[in-house]
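So you can see what is in the structure, the chains are spelled out below.
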Amino acid sequence: MTVPIDASPLAGRRVLLIVGGGIAAVKAPDLIRRLRERGAAVRCVLTQAGHEFTTPLALSSLSEDRVFTDLFDLTDESEMGHIQLSRQADIVLVAPATANLMGRMAAGMAPDLAATLLLATDKPVMLAPAMNVRMWLHPATQRNLALLQGDGVMVVGPNEGNMACGEFGPGRMAEPLEIVAALEAHFGPRPLQGLRALVTSGPTHEPIDPVRYIANRSSGKQGHAIAAALARAGAKTVLVSGPTSQPDPAGVEVRRIETARQMLDACEAALPADIAVCAAAVADWRVATEAGEKLKKEKGGGPPGLAFAENPDILATLSGRAEARPGLVIGFAAETEKVIEHAVAKRQRKGCDWILANDVSPATGTFGGDNNSVTLISAGEPDTWPPLSKQQVAERLVQRIALHLGRT
Ligand code: C5P
């Protein structure tokens, strides 16, 4: 269904568009046109490097507003200081966001107008990164990206494809309509407003002795993406997370734990909740008695004999609660074979409402990777989704939840 343009959540919104210095700046005029078609007002800031790829005239013609370029323009300072410029918008959009701009933002540096108002703004910020594939994949850029996302900065793209420099890979700026869609999702209805959600994510660490533990390879990407999507949809979201390197999702209350038992305690403390999504890879077993001292390798003593005890099943416990059972309890079934058959049985066994079944056999690259192939198992027919990024799985799950709760 196409949304009529006049019903866009962007109608009446003020977008401050910072155009950075990359070849993708040539898409800025089209982006402005698309935003204005949907009723948004667009005011542009062009960086010095951005001038190499597009012109203030092109941007001002399409935005029908003046274009700001220089921090030390005294007329601007008296007429419209950079603080006001950044505050009069509803959102600051950086497209293209270059590696340089991202680095300056992550470091909190403000050598020019664009970086200054990014530091001065009190409004949400969205980046559409665009750069050479090696620059995008460089640990410095990825580190900056994680820092910025941790600060609540939203990111759309980049896409994978042929690049102007002749290389192939991630680094192409998202298309103007994808950026528009991300902005519409940000300003769109918040169907889960007023509801409370609980999400588990990441692995658990089960101690053997003070320095050793049993763990698994869960990255926490899927659980964190679900918590972020629930919060964007308006749910008051608590994320109970095992140790991961994921940044805390914006707008989510994060409670960090290590063991399965701590995870269960933190989940129960977060009740009541309307929605619970158990995405954590909880260790099924813990060492029955954690050694108080580091286990020693005794000469001729052989390996230590470890006795195990069963961990609580958080999904089953939440599902089976007589009191304060979350209205909709959702679990995951990571399987390597007979995915749907096993997931249907798991749904029964755990007593949850839905199971997201996914194939984690090594060939799929799901575990620790960025993509996921999911089948939603509910009381009805299994619903198999196409391969999606973990962010997209999160968005789609939230749409399904909203639909189920009659919130669309
Ligand atoms: O039993 P299995 O680990 O395959 O079940 C996976 C589902 O159960 C996931 O949703 C996981 O978060 C949840 N789980 C749990 N507590 C456990 C084991 C699994 O919440 N101890």
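Use the structure listed above.
Conventions adopted
- Residues numbered from 1 in each chain as written.
- Predicted model: local features only at pLDDT ≥ 70, side-chain atom pairs only at ≥ 80, totals over all residues.
- Heavy atoms only, no water.
- 1 Å grid on protein atoms, 1.4 Å probe; cavity = no way out; pocket = protein on both sides within 12 Å on 5 of 7 lines; lining within 4 Å.
- Points joined across faces, edges and corners; volume = space filled by probe spheres on them.
- Helix = DSSP H or I, 4+ residues; strand = E, 2+ residues; numbered from the N terminus.
- Nonpolar A, V, L, I, M, F, W, Y, C, P; charged D, E, K, R; others polar.
- Near = heavy atom within 4 Å.
- Polar contact = N/O pair within 3.5 Å; in protein donor to acceptor, adjacent residues only side chain to side chain.
- Areas by Shrake-Rupley, 256 points an atom, 1.4 Å probe, with all protein chains shown as cover.
- Sits in = over half its atoms within 2 Å of the grid points.
- Pairing = 2+ DSSP bridges.
- Axes fitted to C-alpha atoms, helices over the stretch in contact; angles between N-to-C directions.
- Parallel < 35°, antiparallel > 145°, perpendicular 65-115°, else oblique.
- Left-handed = near helix turned anticlockwise from the far one by under 90°.
- Contact = heavy atoms within 4.5 Å.
- Salt bridge = Lys/Arg side-chain N within 4 Å of Asp/Glu carboxyl O.
- Buried < 20%, exposed > 50% of the residue type's maximum accessible area, 1.4 Å probe, protein only.

Q: Talk me through the layout of surface pockets; I want residue IDs and the actual numbers.
A: Within this model, the second largest pocket holds a volume of roughly 760 Å³. Taken together, 37 residues make up the lining of the second largest pocket; nearest its centre are Ala-279, Ala-280, Ala-281, Val-282 and Phe-332. Take the lining of the second largest pocket: its biggest share by element is four residues, from strand 17 (residues 328-335). Residues that form the lining of the second largest pocket fall into these classes: 14 nonpolar, 15 polar and eight charged.

Q: Just give me the short version of the site of the ligand, but keep the residues and values in it.
A: Around the ligand, the neighbouring residues are Cys-278, Ala-280, Val-282, Asp-284, Pro-312, Asp-313, Ile-314, Leu-315, Gly-331, Phe-332, Lys-346 and Lys-350. Here an oxygen atom of the ligand and a side-chain polar atom of Lys-346 are 2.4 Å apart. Here an oxygen atom of the ligand sits 2.9 Å away from a polar atom, N or O, in the side chain of Lys-350. Relative to its unbound accessible area of 440 Å², the ligand is 85% covered by the protein chains. Structurally, the ligand is housed in the second largest pocket. For the shell around the ligand, the elements supplying multiple residues, two or more each, are helix 12 (314-320), strand 17 and helix 13 (339-350). Residue composition of the shell around the ligand, by class: seven nonpolar, one polar and four charged.

Q: Account for the sheet that holds strand 12 (residues 236-241), naming residues and giving values.
A: The strand order 13-12-9-14-17-18-20-21 describes an open sheet built from eight strands, whose pairing is mixed. Taken across any chain shown, the strands that pair with only one partner, and hence form the sheet edges, are strand 13 (253-256) and strand 21 (383-384). As defined by bridge partners, strand 14 (residues 275-278) adjoins strand 17 across four bridges and the pair is classed as parallel. Of the residues in strand 17, the one forming a bridge with Ile-275 is Leu-328.

Q: Tell me about the packing of helix 1 (residues 28-37) against helix 9 (residues 176-187), residues and numbers included.
A: The interhelical angle for the contact between helix 1 and helix 9, taken along N-to-C directions, is 40 degrees, at an axis separation of 9 Å. Classed by the angle they form, the pair helix 1 and helix 9 counts as oblique. Every pair of crossing elements has a handedness; the one defined by helix 1 and helix 9 is right-handed. Contact with helix 1, carried on its side by Asp-30, Leu-31, Arg-34 and Leu-35, involves Pro-176, Leu-177, Ile-179, Val-180 and Leu-183 of helix 9 and no other residues of that element.

Q: Tell me about the environment of Pro-382, and please be specific about residues and values.
A: Residue placement: Pro-382 occurs in the loop between strand 20 (374-377) and strand 21. For the pair formed by Pro-382 and Leu-356, sequence separation is 26 residues and the distance between their alpha carbons is 9.7 Å. Other than its neighbours up to four places away in sequence, Pro-382 contacts Ile-340, Thr-375, Leu-376 and Ile-377.

Q: Any chance you could break down the pattern of salt bridges for me, citing the residues and the numbers?
A: One pass over the full model with this rule turns up 22 salt bridges. Linking Arg-14 and Asp-90 is a salt bridge whose minimum nitrogen-to-oxygen distance equals 3.0 Å. A residue pair is termed long-range when its members are at least 10 positions apart, and Arg-14 in strand 1 (residues 14-19) and Asp-90 in the loop between helix 4 (82-87) and strand 4 (91-97) qualify at 76 residues. A salt bridge links Arg-321 to Glu-268, with the shortest nitrogen-to-oxygen separation between them at 3.0 Å. Of the two residues, Arg-321 sits in the loop between helix 12 and strand 17 while Glu-268 sits in helix 11 (residues 260-269), which places them 53 residues apart along the sequence. The class of Glu-268 is partly exposed, set by a relative accessible area of 31%. Among the charged side chains, a network of salt bridges with common partners joins Asp-30, Arg-33, Arg-34, Glu-37, Arg-38 and Glu-184.

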